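In case you want the letters, here they are:
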Amino acid sequence: MILEKNRGNAVSGSRIAMSLGVSRNSVWKAINSLRKDGHVIEGGSGRGYVLARESDALSAEGISEGISKSIAADIDLHVFDSIDSTNKEAKRLAIGEPSRIQMIVSDQQTEGRGRMGRSFYSPKGSGIYISFLFAPTFPVSKATLATGAAAAATARAISSVSGKQCQIKWVNDLYYDGKKICGILTEGVTGIESRTIDYMIIGIGINCHPADLKEQAGENAGDLGGDISRNALAAEVANELLPLIKDLDPAGFMEYYRQHSNVIGENIRIFGSGISSRDGEGRPATATGITDNGGLEVEYSDGRKEVLTSGEISIRKDNSSTRRTK
Ligand code: BTN
């Protein structure tokens, strides 16, 4: 915590020991244990300890440091080095019917899950994989807006932590430098008796540092190019998203979502959504707007208009067929 606050600057062993009320020997042991966990801490006793600026190990302390006090009061934070899937962990936690928001963050997922039954490649040390589990306080009819809120909140968080501007591809992918750098998977936990959504899970995976993604995640996958603190980003995602999910009022995020959309005005192809796509290449249309409910307004070549509420699209950069992107 003290090193995180003073990232890049030396803090003497005696100062750490004094503020924690422990011996200098205990500080030395704790520093060694942090180093073993992957934190880059330079210096030593006598010279002071410095948490290197480029050290980007995920930690509960580092994340808590960035979460604003009012938000922190509402959440239980769980941080893992590795886990099967943070969304799966959220489902396991839902069994205990938590009254507070559960925030699960992992450095790696061995069974990361994507939309449409796909997997989400989640290698160690380069991305962050976050799930929020919460009991909705908004009407169930608004639940579909959660994904849009998460996309806008994550793009805002990336911008405020790194200055990098992402684009939002309907419905919930974030793009940076023409590549997908973030995917969002929203799930509901339905009560057997209540038959309504008792809990919602918003899972967000962000590729932060360069990693070899091509083989596992496809040509379309990219990253934010590094130079970003994953702890700060995870915290900022919580700071941005949690106020929005209280009432899911589109006024809090839809304008930002539209401004950062990379599909409005584009020629697209539509997959799924009950549309029978001839030869699997999707149905061509033009995206004309996004409604306050998060639906995609499209116009077909025969002039017919429709609002899509589910499905997937790809952007046609020309009129030739494009492959569906992951
Ligand atoms: C997609 O692009 O298809 C959605 C990907 C969602 C990935 C995130 S990572 C955190 C959470 N845990 C999972 O297993 N999946 C989501």
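Keep in mind that this is a model prediction, so the values were computed, not measured.

Chemist: How would you explain the overall build of the chain if you had to name every residue and give the values?
Modeler: Scanning the chain for helices and strands turns up 10 helices and 14 strands. Its C-alpha atoms give the chain a radius of gyration of 22 Å, near enough to 20 Å, the size a compact globule of 326 residues would have. Dimensions of the chain, computed from the C-alpha atoms along their principal axes, are close to 75 × 45 × 35 Å. In the form shown here, the chain has an accessible surface area of approximately 15,600 Å², with 47% of it arising from carbon and sulfur atoms.

Chemist: Pulling in residues and values, what's your account of the packing of helix H7 (residues 145-162) against helix H9 (residues 230-244)?
Modeler: One can describe the packing of H7 onto H9 by two numbers: an axis separation of 8 Å at closest approach and a directional angle of 140 degrees. Taken together, the axes of H7 and H9 lie oblique to each other. Here H7 runs over H9; the crossing is right-handed. Between H7 and H9, the residues in contact are Ala-149, Ala-150, Ala-153, Thr-154, Arg-156, Ala-157, Ile-158, Ser-160 and Val-161 and Ala-232, Leu-233, Glu-236, Val-237, Glu-240, Leu-241 and Leu-244, respectively.

Chemist: Could you give an account of the sheet that holds strand E10 (residues 267-271), with specific residues and numbers?
Modeler: Spatial strand order, E13-E12-E11-E10-E14: 5 strands in an open sheet with antiparallel pairing. Either end of the sheet is taken by a strand with one partner, and the two such strands are strand E13 (305-308) and strand E14 (312-316). Here the average twist between neighbouring strands, direction ignored, is 45 degrees. The pairing of E10 with strand E11 (residues 283-290) spans 4 bridges and is antiparallel.

Parameters and conventions
Residues numbered from 1 in each chain as written. Predicted model: local features only at pLDDT ≥ 70, side-chain atom pairs only at ≥ 80, totals over all residues. Heavy atoms only, no water. Helix = DSSP H or I, 4+ residues; strand = E, 2+ residues; numbered from the N terminus. Rg over C-alpha atoms; globule rule 2.2 N^0.38 Å. Areas by Shrake-Rupley, 256 points an atom, 1.4 Å probe, with all protein chains shown as cover. Axes fitted to C-alpha atoms, helices over the stretch in contact; angles between N-to-C directions. Parallel < 35°, antiparallel > 145°, perpendicular 65-115°, else oblique. Left-handed = near helix turned anticlockwise from the far one by under 90°. Contact = heavy atoms within 4.5 Å. Pairing = 2+ DSSP bridges.

The values reported here are purely geometric and, on their own, carry no functional implication.
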